[in-house]
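Working through the structure, step by step
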Amino acid sequence: EAGVAQSPRYKIIEKRQSVAFWCNPISGHATLYWYQQILGQGPKLLIQFQNNGVVDDSQLPKDRFSAERLKGVDSTLKIQPAKLEDSAVYLCASSAQPTNEQFFGPGTRLTVL
Amino acid sequence: GQQVMQIPQYQHVQEGEDFTTYCNSSTTLSNIQWYKQRPGGHPVFLIQLVKSGEVKKQKRLTFQFGEAKKNSSLHITATQTTDVGTYFCAVRGGNDMRFGAGTRLTVKP
């Protein structure tokens, strides 16, 4: 069974630029999560999708971050414009009933200069 | 919003010693999950606890869910160097999913 795929693995941009991340969850997983993990901290949930609907986006900085999962499968997370404090690893995870075990992708390491 | 506290932040042990990390929530939880993240890696699921007072074991790892479903612990007996990493609890209350800050375990051979 293929795992969660993410791309790119690394991205370096300058502040005020835009960036997008892509995630392809495990086939059949209805729930998809985007997390931000700053070095030394736990993952912070940005947004949770159930199929193509948003379940929780309370911690998403909506003035600069957006995410979509149009067909209920893969998803993109965008930052526009980026700030220095956005430097982090962006993790995508997916899960399915009944276990709700989250399977994480390898993450995208973003550096904002 | 939901608050989750995990202690200790760091733990350094000699190989063979035991290790325990605790997770405490400000609200009653639907369930709690535990994950392990190796240095440079991504979180990997260990277990999910759902029932009040539940205890589950995986070889040297013992997981407990408090009676009030507000706290949990992960205990490792006789640590090995392969146990190195950061252990996170992830809590769900309603639709909220929140990770603790993690306990970073280092093991001296």
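Structure's up top.
Below: a short report on this structure. Fair warning: this is a prediction, and the values are worked out from it, not measured in the lab. In this convention, every chain numbers its residues from 1, walking through the sequence in written order. Chains carry letters and ligands carry numbers; both start at the beginning, A for chains and 1 for ligands, and go up in the order they are written. Two thresholds apply to this predicted model, a pLDDT of at least 70 for residue-level local features and 80 or more for giving and counting side-chain atom pairs, whereas whole-chain, interface and lining totals are computed over all residues. Each side-chain value is worked out from all heavy atoms of the structure, with water and hydrogens disregarded.

What follows is about a nonpolar patch on the surface. There is a patch of nonpolar side chains on the surface, built from Met5(B), Ile7(B) and Tyr22(B) and spanning about 310 Å² of accessible area. Helix and strand labels come from DSSP, where a helix needs a run of H or I of at least four residues and a strand needs a run of E of at least two; each type is numbered from the N terminus. Following the sequence through the fold, Met5(B) ends up in strand β1 (residues 4–7). Exposure above 30% relative accessible area and no salt bridge define the residues that can form patches, which grow by joining like charges within 9 Å and nonpolar side chains of Val, Leu, Ile, Met, Phe, Trp and Tyr within 5 Å. Accessible surface is estimated by sampling points in the Shrake-Rupley manner with a 1.4 Å probe; for residues, cover comes only from the protein chains shown. Any Lys or Arg side-chain nitrogen located within 4 Å of an Asp or Glu carboxyl oxygen qualifies as a salt bridge.

We now examine the pattern of salt bridges. Throughout the structure, instances matching the rule amount to five salt bridges over all chains. In this structure, Arg98(B) engages Asp56(A) in a salt bridge whose closest nitrogen and oxygen atoms are separated by 3.4 Å. In this pair, Arg98(B) is assigned in strand β10 (residues 96–99) and Asp56(A) in strand β6 (residues 53–56), connecting two distinct chains. Grouping residues by exposure puts Arg98(B) and Asp56(A) together as buried. With a closest N to O distance of 3.7 Å, Lys56(B) and Glu54(B) form a salt bridge. According to the relative accessible area criterion, Lys56(B) is partly exposed, its value standing at 31%. The rule is simple: take the accessible area with a 1.4 Å probe, protein chains only, and divide by the maximum for that residue type; under 20% is buried, over 50% is exposed, in between is partly exposed.

In plain terms, two cysteine sulfur atoms within 2.5 Å form what is called a disulfide here. Per the stated rule, a full pass over the model turns up two disulfides over all chains. The disulfide partner of Cys23(A) is Cys92(A), and the S-S distance across this bridge is 1.9 Å. Negative torsions about the S-S bond denote left-handed disulfides, and the value of about -70° found for Cys23(A) with Cys92(A) makes this one left-handed. A residue pair is termed long-range when its members are at least 10 positions apart, and Cys23(A) in strand β3 (residues 19–24) and Cys92(A) in strand β9 (residues 88–95) qualify at 69 residues. Here Cys23(A) and Cys92(A) have matching classes, each one buried. Through a disulfide, Cys23(B) is tied to Cys89(B); the S-S separation comes to 2.0 Å.

Once that is clear, we can look at the sheet that holds β3(A). All names here are of chain A. Strand order in this open sheet of four strands is β1-β3-β8-β7, and the pairing throughout is antiparallel. Because the sheet does not close on itself, it has two edges, and the strands there are β1 (5–7) and β7 (65–68). Going across the sheet, the axis of each strand differs from the next one's by a mean of 15°, ignoring polarity. Paired strands, as defined in this entry, are two strands with at least two bridges between them according to DSSP. Across four bridges, β7 lies against strand β8 (residues 75–79) in antiparallel orientation. What sits directly across from phenylalanine 65, in β8, is isoleucine 79. Note on geometry: axes are lines fitted to C-alpha atoms, helical ones only across the stretch in contact, with angles between N-to-C directions running from 0 to 180 degrees.

A contact between two residues is defined here by any heavy atoms of the two lying within 4.5 Å. Listed per partner, the contact involves 16 residues of chain B and 21 residues of chain A. Each of two parts loses accessible area, computed with a 1.4 Å probe, when they are put together; buried area is these two losses added. Taking both partners together, chain B and chain A bury about 1400 Å²; carbon and sulfur atoms supply 46% of that area. When the area that chain B buries against chain A is broken down by residue, the three leading residues are His42(B), Arg98(B) and Phe99(B), summing to 30%. Remark: the boundary between chain B and chain A carries one salt bridge. By the criterion applied in these results, polar contacts are pairs of N or O atoms within 3.5 Å in which, for protein atoms, one can donate a hydrogen and the other can accept it, and in which residues neighboring in sequence qualify only through two side-chain atoms. Applying the counting criterion to the chain B and chain A interface returns seven residue pairs in polar contact (both at pLDDT 80 or more). Sorting the residues of the side of chain B that touches chain A by element identifies β4 (31–37), β5 (44–49), β9 (85–93) and β10 of chain B as the ones contributing at least two each.

Time to look at the pairing of strand β3 (residues 19–25) of chain B. Residue and element names in this part refer to chain B. In terms of burial, β3 is a largely internal element, five of the seven residues being buried. The pairing of β1 with β3 spans four bridges and is classified as antiparallel. In the sheet register, glutamine 6 faces β3, and the bridge partner there is cysteine 23. One ladder, built from six bridges, connects β3 with strand β8 (residues 71–76); its direction is antiparallel. Bridge pairing links asparagine 24 to asparagine 71 in β8.

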